[in-house]
Amino acid sequence: MSRIINVQHDHPEASRLPEVRVEEDLTVVIFGGTGDLTRRKLLPALYALAEERRMPERFRVVGCGRRDYTDESFREEMREEILRFRREEGPEDALDAFVERIEYFKGELDDAEGYSRLHQRLSDADHYPANRVFYLSTAPNFFEPVTRHLKESGLIYAASDEAWSRVVIEKPFGHDLESALSLNREILRLLDESQVYRIDHYLGKETVQNILSFRFANTIFEPVFNNRFVDHIQVTASETVGMESGRGAYFDQAGSLRDMMQNHLTQLLCLVTMEPPSGLASDAVRNEKVKVLQSLRVPTAEDVRKNMVRAQYAAGQVKNKKVPAYVDEDRVPGDSRTETYVAAKFYLDNWRWSGVPMLLRTGKRMAKKQTSITVQFKKPPMQLFRTVQCENDICDLTETQPNMLTFRIQPDEGISLHFATKRPSMHMVVEDSELDFRYDENYQGTLPEAYERLLMDVMRGDATLFTRSDEVEAAWRIMDPVLRAWKERDDYIPLHFYAPGTWGPLAADELFDREVDQWRNE
Ligand code: BG6
């Protein structure tokens, strides 16, 4: 195996780049302030930004919830959570200084009176900086009412005012096309699109952002990124987790298609197939992503049966630990037909990708946590060489492996390129070799968490890594017929079952056009 040499990533000049920080003072208000996301991701991310001196001079963080806390008791509990979930250890005094800025506000999400109290409280401009970020980390049915209350109580400034307010909306944005359209309509009646930040946390991952730099900062790959050279593209997002911490209640209503494929996987597909944007301004990038989504072929019920595989995990073991069947998980109905795995073959009807299968799969309780994208190139027009392939003790001469470019999004972050080299011997036989770029070998420290980058961008007003209304709608346009086909043709389109700790149902292997091709489990 070959490796590229380190090209001075830690060169001292690199640190002279201007520091990225939030310049304007602000108040961050989190609805769902006592929830899981706030504890595990949002507060640790804000703390990391503060510790790296990226937060402005003056800022406050107000957690809103229904439970009884005082500012003091809330701070104390959140301090423990930050210690538990922070990415890296830091000095005690930095943590103390951050926690001092956290406050608590008690209120019901659907109670107008609470919002006027909040308005009154935030009007103390000496204590609460005027610019506001409202983070909606709530159940999706509250996205619209909370936004409406914020608007009606005067907590949102007009887009033309000097002070600004921005509203961050968590996923899922709608549960089908119709609900997404209606939610967009309602939200955009209350807010300007420039005030709305729809989160897809995959876009905040460092390695996901690297897809665009890799493609458009280099010249050697782009000329072959098209249907003349690419055989197919695979995107995998597998997880070992199941329905821990009562997640079943949400997940059973969603399923893998809505939970992962409609958003995270289609976003990854967009980045790896989009045309170069005219610049890095948020609309330039988002325009290109929308074009990809608009060129995704809308599947018919027959396409869904032929080109998609849905499945649910049975009882079994993951990493030597016994796990129950999905239907026996906490808060999941015993007769549920919700899919915990989905694999799909899509086509992009555009000039560049016409005819190239785009294979996407995601699932819970699989063999490994892995998010990766593999671009598999076509084989040479004529097979001059052979390669040795061994299974157990039996070796055979077979066709050579095609070239493959893999983006390892997580874990083991990096990019690798597979190519054939001659095996030293008297025979003219080739074997598969690899060029491998690894983040952990090339950069020091841990990679920033997706939420750090995304919160930073909201606070600085950069919407590039957030999904625009037309993107969300275009993604639902593809997923809606799938949901409909599964529901209306339930007897005709099978729900497969798979053993936990595996790579999913065998039926997914049949999505490849040729038997020799396989899912890349790396
Ligand atoms: C979330 C899904 O958006 O992404 C979860 O709702 C999933 O079901 C999670 O587990 C995976 O995120 P990550 O960053 O761990 O790959």
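Just above sits the structure.
## Focus: the environment of Glu80
Structurally, the position occupied by Glu80 is in helix α2 (residues 71–85). Looking at Glu80, the relative accessible area reads 48%, which means it is partly exposed.

## Section: the sheet that holds strand β3 (residues 59–65)
Read from one edge of the open sheet, six strands run β4-β3-β2-β5-β6-β7, paired in parallel fashion. The sheet terminates laterally at β4 (102–106) and β7 (196–198), the two strands that pair on one side only. Sheet twist, expressed as the average angle between the axes of neighbouring strands with direction ignored, equals 20°. On top of the sheet, helix α1 (residues 36–51) reaches β2 (26–31), β3, β4 and β5 (132–136); it is set at about 165° to β2, its chief contact. In the packing of helix α5 (residues 143–152) onto the sheet, contacts are made with β2, β5 and β6 (165–169), and the angle to β5 comes to roughly 155°.

## Points about the pattern of salt bridges
Applying the stated rule across the entire model yields 51 salt bridges. Residue Arg117 pairs with Glu113 through a salt bridge whose shortest N-O separation is 3.1 Å. Remark: Glu113 and Arg117 occur in helix α4 (residues 112–122); sequence separation between them is four residues, near one turn of the helix. On the basis of relative accessibility, which here comes to 34%, the residue Arg117 falls in the partly exposed class. Of the charged contacts, one joins Glu186 and Arg189 as a salt bridge, the two residues approaching to 3.0 Å between their closest N and O atoms. Residue Glu186 and its partner Arg189 are located together in helix α6 (residues 177–190), separated by three residues, close to a single helical turn. Residue class for Glu186 comes out partly exposed when judged on its relative accessible area of 25%. Relative accessible area serves as the criterion here: at 55%, Arg189 is assigned to the exposed category.

## Points about the pairing of β5
Within β5, five of the five residues are buried, which leaves the element mostly enclosed by the surrounding structure. Side-chain alternation along β5 places Arg132, Phe134 and Leu136 on one buried face and Val133 and Tyr135 on a second face that is also buried. Pairing analysis gives five bridges linking β2 to β5, with the strands arranged parallel. Paired with Thr27 across the bridge in β5 is Arg132. Pairing between β5 and β6: five bridges, direction parallel. Looking at β6, one finds that Tyr135 is bridged to Val168.

## Topic: helix α9 (residues 282–295)
A turn of α-helix holds 3.6 residues, and therefore any two residues three or four places apart point the same way. With 14 residues, α9 ought to run about 20 Å at 1.5 Å a step, and its terminal C-alpha atoms sit 20 Å apart, in line with that. Considering only its buried residues, α9 is in contact with α7 (206–216), α8 (248–273) and α13 (469–488).

## Quick notes on the pairing of strand β16 (residues 394–398)
Pairing geometry for strand β15 (residues 386–391) and β16, over five bridges, is antiparallel. In the strand pairing of β16, Glu391 is matched with Ile394.

## Comments concerning the packing of aromatic side chains
For any pair of aromatic rings, geometry is given as the distance between the ring centres together with the angle between the planes. Taken as a whole and assessed by the stated rule, the structure comprises 20 aromatic pairs. When the ring of Phe251 is compared with that of Tyr326, the centres are 6.2 Å apart and the planes differ by 75°; the resulting orientation is edge-to-face. Separated by 75 residues along the polypeptide, Phe251 in helix α8 and Tyr326 in the loop between β11 (321–323) and β12 (341–346) bring together distant segments of the chain. Here the aromatic rings of Tyr439 and Tyr443 are separated by 5.8 Å at their centres, their planes lie at 40°, and the arrangement is tilted. By relative accessible area, which is 8% here, Tyr439 ends up buried.

How each quantity is defined
Residues numbered from 1 in each chain as written. Predicted model: local features only at pLDDT ≥ 70, side-chain atom pairs only at ≥ 80, totals over all residues. Heavy atoms only, no water. Helix = DSSP H or I, 4+ residues; strand = E, 2+ residues; numbered from the N terminus. Buried < 20%, exposed > 50% of the residue type's maximum accessible area, 1.4 Å probe, protein only. Pairing = 2+ DSSP bridges. Axes fitted to C-alpha atoms, helices over the stretch in contact; angles between N-to-C directions. Contact = heavy atoms within 4.5 Å. Salt bridge = Lys/Arg side-chain N within 4 Å of Asp/Glu carboxyl O. Expected span 1.5 Å × (residues − 1). Phe/Tyr/Trp six-rings, centres within 6.5 Å; stacked < 30°, edge-to-face > 60°.

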